[in-house]
Every structure is written in C-alpha cells, then in structure tokens.
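The chain contents come next:
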Amino acid sequence: MSDQFPLTGISSMAIHAGDQKFGESSHLPPIYATSTFTFDTADQGMKRFAGQEDGYIYTRWGNPTFSVAEETIAALEAFNIKDKDGSPLKLKAFLHASGQAAMVTMFMSNLTAGDTILSHFSLYGGTHELMHKVMGQNGIKTIIADLRNLDIVEDTIKKNPSIKLVHIETPANPTIQCVDIDAVSKIAKQHGLIVTVDNTFATPYLQQPFLYDVDFVFHSTTKFLNGHGTAIGGVLLGKDLDFMNGKAYKWYKLLGGNSNAFDAFMLIVGMKTLEVRMERHCTNAVTVADFLVNHKAIEKVNYNGLAEHPDHAIAMKQMKHPGAMMSFELKGGLEAGKKFIDRLQMCVRAVSLGTVDTLISHPASMSHFGVARAQRLEYGITDGLIRMSVGMENVADILNDLDQALGGYAMA
Ligand SMILES: *Cc1c(COP(=O)(O)O)cnc(C)c1O
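Everything numeric in this text was worked out from a predicted model, so none of it was measured.

1. Concerning the pairing of strand β7 (residues 234-238)
Counting buried positions along β7 gives 5 out of 5 residues, so the element sits mostly inside the fold. Alternating residues of β7 divide into Gly234, Leu236 and Gly238 and Val235 and Leu237, and every residue in both groups is buried. Here 5 bridges tie strand β1 (residues 92-96) to β7, and the two strands are oriented antiparallel to one another. Bridging across to β7, Lys92 finds its partner in Gly238. Where strand β6 (residues 216-220) meets β7, 5 bridges bridge the pair, whose relative direction is antiparallel. Opposite Ser220, over in β7, you have Gly234 as the bridge partner.

2. Some details on unusual backbone geometry
Omega for the bond connecting Thr170 with Pro171 falls within 30 degrees of zero, at -10°, which places this linkage in the cis form. Turning to its location among the elements, Pro171 is positioned in the loop between β4 (163-169) and α7 (181-190). Phi at Ser25 takes a positive value of approximately 55°, unusual for a residue other than glycine. Located in the positive-phi region is Asn80, a residue other than glycine, with phi close to 65°. For Asn80, the position within the fold is in the loop between α3 (64-77) and β1.

3. Side note on the layout of surface pockets
When its volume is computed, the largest pocket comes out at roughly 1500 Å³. Lining the largest pocket are 44 residues, and of these Glu71, Ala74, Lys90, Leu91 and Lys92 lie nearest its centre. If you list the elements that add at least two residues to the lining of the largest pocket, you get α2 (42-49), α3, β1 and α9 (241-255). The greatest single-element share of the lining of the largest pocket, amounting to 5 residues, is contributed by α3. Of the pockets and cavities examined, the second largest pocket occupies roughly 300 Å³. Lining the second largest pocket are 23 residues, and of these Gln100, Tyr124, Ser220, Thr222 and Lys223 lie nearest its centre. Of all the elements in the fold, those that place two or more residues in the lining of the second largest pocket are α4 (99-110), α5 (125-135) and β6.

4. Examining the site of the ligand
If you check the shell around the ligand, you find 15 residues, and the closest are Gln100, Asp198, Ser220, Thr222 and Lys223. A distance of 2.9 Å separates an oxygen atom of the ligand from a polar atom in the backbone of Gly99. Contact between the ligand and Gln100: an oxygen atom at 2.8 Å from a main-chain N or O atom of the residue. The protein chains hide 94% of the 380 Å² of surface that the ligand would expose on its own. Of the pockets mapped on this structure, the ligand occupies the second largest pocket.

5. Some thoughts on α5
Taken residue by residue, α5 has Gly125, Gly126, Thr127, His128, Leu130, Met131 and Met135 as its buried positions. Its buried side turned inward, α5 meets α4, β2 (116-120), β3 (141-145), β4 and α14 (373-378).

6. Topic: the packing of α3 against helix α10 (residues 261-271)
With their axes 8 Å apart at the nearest point, α3 and α10 run at an angle of 35° to one another. Here α3 and α10 pass one another in a crossing that is left-handed. Only Ala261, Ala264, Phe265, Leu267, Ile268 and Met271 of α10 make contact with α3, whose side of the interface consists of Thr65, Phe66, Val68, Ala69, Thr72, Ile73 and Leu76. Classifying every residue of the contact of α3 with α10 gives 11 nonpolar, 2 polar and no charged.

About the cut-offs
- Residues numbered from 1 in each chain as written.
- Predicted model: local features only at pLDDT ≥ 70, side-chain atom pairs only at ≥ 80, totals over all residues.
- Heavy atoms only, no water.
- Buried < 20%, exposed > 50% of the residue type's maximum accessible area, 1.4 Å probe, protein only.
- Helix = DSSP H or I, 4+ residues; strand = E, 2+ residues; numbered from the N terminus.
- Pairing = 2+ DSSP bridges.
- 1 Å grid on protein atoms, 1.4 Å probe; cavity = no way out; pocket = protein on both sides within 12 Å on 5 of 7 lines; lining within 4 Å.
- Points joined across faces, edges and corners; volume = space filled by probe spheres on them.
- Near = heavy atom within 4 Å.
- Polar contact = N/O pair within 3.5 Å; in protein donor to acceptor, adjacent residues only side chain to side chain.
- Areas by Shrake-Rupley, 256 points an atom, 1.4 Å probe, with all protein chains shown as cover.
- Sits in = over half its atoms within 2 Å of the grid points.
- Contact = heavy atoms within 4.5 Å.
- Axes fitted to C-alpha atoms, helices over the stretch in contact; angles between N-to-C directions.
- Left-handed = near helix turned anticlockwise from the far one by under 90°.
- Nonpolar A, V, L, I, M, F, W, Y, C, P; charged D, E, K, R; others polar.

Structure below.
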C-alpha cells in the first residue's frame, strides 16, 4: 500500500498489506510454482548475486508468493507500533516450511555452542523436544523455569551467565499459562539478552510482542494465521533489519527451511479473514468456557479468560481478548476423558489448533507424548488433561456436542 493512504484497521491491513501490481492484472498474488528465476544477461545474474540489483534468484532464497505473505504478517505484527525514533516499526519476515523450521532459524542464527536458553515450563511439545533433544546435543543448553515469577527470572539470569536468550511462549501450550512479556523483556534487556516470543496462540490480532522491546517473534502459521488447516508453515520476524538481512537470511537460505508457493498462497488467503475469524473464535470460547465451568462432569477448566485462572490479569494486560484455546479435566480423569473424546460427534479429534473447526486432543498421549511423564506432571499436563481449540461453528452445536459427550460419560 502507498504511504499516502495509511490504513487504520487491522483487517484492511490483512487484506491489502501485500497489494502490488501482479502480472496479467491478476487480482490475487500468483502461485509462483518455480524453483528458479531467469536472468536476462550474465551481468544481471552477477548483479543479483552481488546484491547490487533486486530480484529473485532461487526459491530456497525467496519467492514472490512468499514475499506477499511475509509482508502481510510483518504489517500485522507491526500494526500501529512506533520505532524508537517515532516512525512506523519496520519488520523483516522469512516464511518457512513449518513453525519448527522457523524456530531452528531463529535459535541457530542467534546462538552458538556454550550458550543457554531460558524458557518457561509450559511449552509446545515440539519446542520442548527441539531444545532438549536436538539443540542440547549441539551444545546449546536450555534452562526451564517459571517465568511468571520475576524473582526467579532475575535470579536464574544472574546465576547463569551463559544465558543468552529468553524464549517466551504465551499463552502457553496446553495449560494456557501466560508470561508477562513486558516485565520479562525488561529484566532480560537489563542483562543484554535476546528476547524471542512464540505468538502462535494469540496472533497479532490479540497480542503484539514488539510493543515490549522483544527482538524476534515466531509463529506456526499452520494455526490461526492460516486458519483453515490447509498448510504447514512458520514465520520468523525481526526488527533488526541488518541482522535479518544478514545473519538470519544466511541461516534461512542454508538450512533450507523455505516454504513453497502453494502453501504461501493458502496462508495469504487465510490471513485476509484473521480479524473476523478471531472474533468468532473468541466469543465462542467464552461461551464454551462458561458451559464447561458449570458442567457437573468437569473437574477443572484452564482458560485465561476466567477470573480464577492464575494468569488472568496478565492475559488481560497484554491481550485484546483471552483467545480461543483452553484445556480441561474431567472428574473421572483419564478414563473419562478417553470416553468423552470417543463420543464426540462434530468436534474433531485431532492435534493442531486455530482452524475453523473445533479441535480436541489429549496432550499426554499426543502432542506431549515426547515429554517425560514426571516432567509433564510438574508442568501441569496431567494424564486426563484435554485440550480444545474452539472453532467457528455455531456455538449451540459445539455445546450440544460437548454436552452429549460429557453426558454419555455421566451415564456410563
Ligand atoms: C504448532 C506449534 C509450533 C510448531 O509449528 P509447526 O508448524 O507444527 O512446525 C510451535 N509453537 C506452537 C505454540 C505451536 O502451536
């Protein structure tokens, strides 16, 4: 979009941020299904490699369909945020084949053997495994602590001079715990540390970590950003443009975690409805949480929109709305939970989240199967915990399905 006509709303941004003149006057961005790009002359090829001329070279290095998605996500994360000098915040984004690929670029471009990551204990299962089972082998350690306790954060950083990066996932999977991004980022910055935030559960519509001086934001675009479950993807965003165009780009190109044009297109189309989707997900979630809290078969509900959730205040401070993710336990524990899941008629039994449909999963046997049981229990991921990503169906049908599945348990 031209700077002459600044967009004032986030939906306008999601729909138009990537607008440009496409070939053949195409309204939507073409799916550039090509591995390579041609040079008119040898000289032009040399100039592109030398960075003296803009232009695509090879899809592992970038692709015009990726660029539209990258510009859109960057515009959403930077929406209405000012730089230190008062001008609109500029971000650079790289679209990856998966969230995990983007995470590897993020960590590997920032850390070397001997460095340590400090993170919270309620984390996406894949992140936890990547830290402990992959990066650990290459000399990058991770310390897990309760980042909601600021004294512990300060103390851990002081005692461990090898800590170089603080990774925050909030709201966190699957306990929906929230970490105060502003407070933790302030402490980290006093110690000169890098701060990274996994914003997958919230999306830039609900939460903008760059407001709090963080360095990098990560998304699994597979989830709410795509919104329809059509493609795996991930994005890394950074505000240090020299670092992004230099070191991060080098790792992106050489690790080979690039996206593909078709998945990028699915993401571009999905993101256009982000705001209306999130609003529906969120209002449905509030109704579902109220229903579950009052249901006689339910023992406990973790939803940060409930006043009794320990992180309710933090969620309300940094999020526009508590979101659409929750987890709960049945009074009958694991056995009751399995029966409940088996009886669902409309809600979908599947991992992943953030799609138009309501998705229900069992972390202990699915997403967090790779985390040792003792550790899992310590993190609050009990055997009977059920995770739900509340979808966009008519809420009466979600409630009816949950009720019949829960009632079935009560009668058993
Ligand atoms: C799904 C997810 C990831 C990993 O992303 P993939 O796209 O599956 O590789 C990381 N963090 C969170 C919070 C996620 O939900």
